[in-house]
Amino acid sequence: MASKGTKAVEEARPQRLRDALRQARIEAADRTGVVVELRDAEVARLEILNEALDPLFAEVPVGIEMFDRGISQGDTPRLWIDMVAHVAMGRDKRMYRFVQDTRHGRVVLAEAHDVPTIVKAVTDYIARRMIEREHALVTMPAPEVATAVKKPRSRFWPFVFGVIVGVVGLFALALFVSVRGH
């Protein structure tokens, strides 16, 4: 009898709206086998994955702005993790494909039917990117300490010296020409 009472209390307890919406999306995504609704099913599955990534992105420190997560609604819907990595649905529209664009082409980082596997792959990717960022910041040379600025040399005295040498040279040339002419 006690078990019936606790079961009744659990059933009477209201279900969280977020959990109910998530369950409704999963059910809707599973029912959409019609070709016309495949794109909506892809977006729904990507939204489910996006919600599953919320706790992960909540742990990323505020000062790190490397990640820009969002779902693009193009011909091929994608869940972007950052500028070079995204999750798209596979050909069967039920498999998640986590890929990264590199200079040598696109690399598949993970592929799975279940959300937890992709969440793990995205978590590993974010951790690696944050470590790469730390290494890049550590290896940057420290800014040089400003030293006392030396006063630039005056250009007046070299000019005066040049004028004197020029006048003496012209005088010598004139003297040479006049002595030779007589």
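You'll find the structure just up there.
Draft legend 1. The arrangement of the pairing of strand E5 (residues 105-112) in detail. In this sheet, E5 lies alongside strand E4 (residues 96-102) in antiparallel orientation, the contact comprising 7 bridges. The partner of Thr102 across the bridge, within E5, is Gly105. Remark: 2 residues form the turn of the hairpin made by E4 and E5, two consecutive strands paired antiparallel.

Draft legend 2. The arrangement of the pairing of E4 in detail. Alignment of strand E3 (residues 85-89) against E4, held across 5 bridges, turns out to be antiparallel. Its bridge partner being in E4, Ala88 is matched across the sheet by Arg97.

Draft legend 3. Layout of the nonpolar core. Core analysis: the largest hydrophobic core is formed by 27 residues, its most contacted members being Leu49, Leu53, Phe67, Ile81, Phe98 and Ile126. Contributions of two or more residues to this core are made by helix H3 (38-52), helix H4 (54-59), E3, E4, E5 and helix H5 (115-139). Beyond its immediate stretch of four places on either side in the chain, Leu49 contacts Leu79, Val87, Tyr96, Val115, Ile118 and Val119.

Draft legend 4. Summary view of the packing of aromatic side chains. Counting across every chain of the model gives 3 aromatic pairs. Consider the rings of Phe57 and Phe67, whose centres lie 6.3 Å apart with planes at 75°: the pair is edge-to-face. One end of the pair, Phe57, is in helix H4; the other, Phe67, is in the loop between H4 and strand E1 (70-72), and 10 residues separate them in sequence. Its relative accessible area of 13% is what places Phe67 among the buried residues.

Draft legend 5. Seen up close, unusual backbone geometry. Unusually for a residue other than glycine, Lys93 sits at a positive phi of about 65°. Along the chain, Lys93 falls in the loop between E3 and E4.

Draft legend 6. Quick peek at H5. Over its 25 residues, H5 extends 36 Å from the first C-alpha to the last, a length consistent with the 36 Å expected when each residue adds 1.5 Å. By the burial criterion, the buried members of H5 are Val115, Ile118, Val119, Ala121, Val122, Tyr125, Ile126 and Met130.

Draft legend 7. Examining the sheet that holds E3 more closely. Strand order in this open sheet of 5 strands is E1-E2-E3-E4-E5, and the pairing throughout is antiparallel. Since the sheet does not close on itself, it has two edges, and those belong to E1 and E5, each with one partner. Within the sheet, the average angular offset between the axes of one strand and its neighbour, ignoring direction, is 30°.

Draft legend 8. A nonpolar patch on the surface, seen in detail. A cluster of nonpolar side chains, Leu170, Leu173, Phe176 and Val177, forms an exposed patch at the surface whose accessible area comes to about 430 Å². Its place among the elements puts Val177 in helix H6 (residues 156-181). For Val177, a relative accessible area of 52% translates into the label exposed.

Draft legend 9. The pattern of salt bridges, seen in detail. Under the definition given, this model contains 10 salt bridges. Here Lys120 ties to Asp124 by a salt bridge, and the two come within 3.0 Å at their closest N and O atoms. Separated by 4 residues within a single helix, Lys120 and Asp124 lie in helix H5, roughly one turn from each other. Residues participating in the shared-partner salt-bridge network are Arg18, Asp54 and Arg69.

Quick notes on the rules
Residues numbered from 1 in each chain as written. Predicted model: local features only at pLDDT ≥ 70, side-chain atom pairs only at ≥ 80, totals over all residues. Heavy atoms only, no water. Pairing = 2+ DSSP bridges. Helix = DSSP H or I, 4+ residues; strand = E, 2+ residues; numbered from the N terminus. Core = buried A, V, L, I, M, F, W, Y, C linked by side-chain atoms within 4.5 Å. Buried < 20%, exposed > 50% of the residue type's maximum accessible area, 1.4 Å probe, protein only. Contact = heavy atoms within 4.5 Å. Phe/Tyr/Trp six-rings, centres within 6.5 Å; stacked < 30°, edge-to-face > 60°. Expected span 1.5 Å × (residues − 1). Axes fitted to C-alpha atoms, helices over the stretch in contact; angles between N-to-C directions. Patch = residues over 30% accessible without salt bridge, like charges linked within 9 Å, V, L, I, M, F, W, Y side chains within 5 Å. Areas by Shrake-Rupley, 256 points an atom, 1.4 Å probe, with all protein chains shown as cover. Salt bridge = Lys/Arg side-chain N within 4 Å of Asp/Glu carboxyl O.

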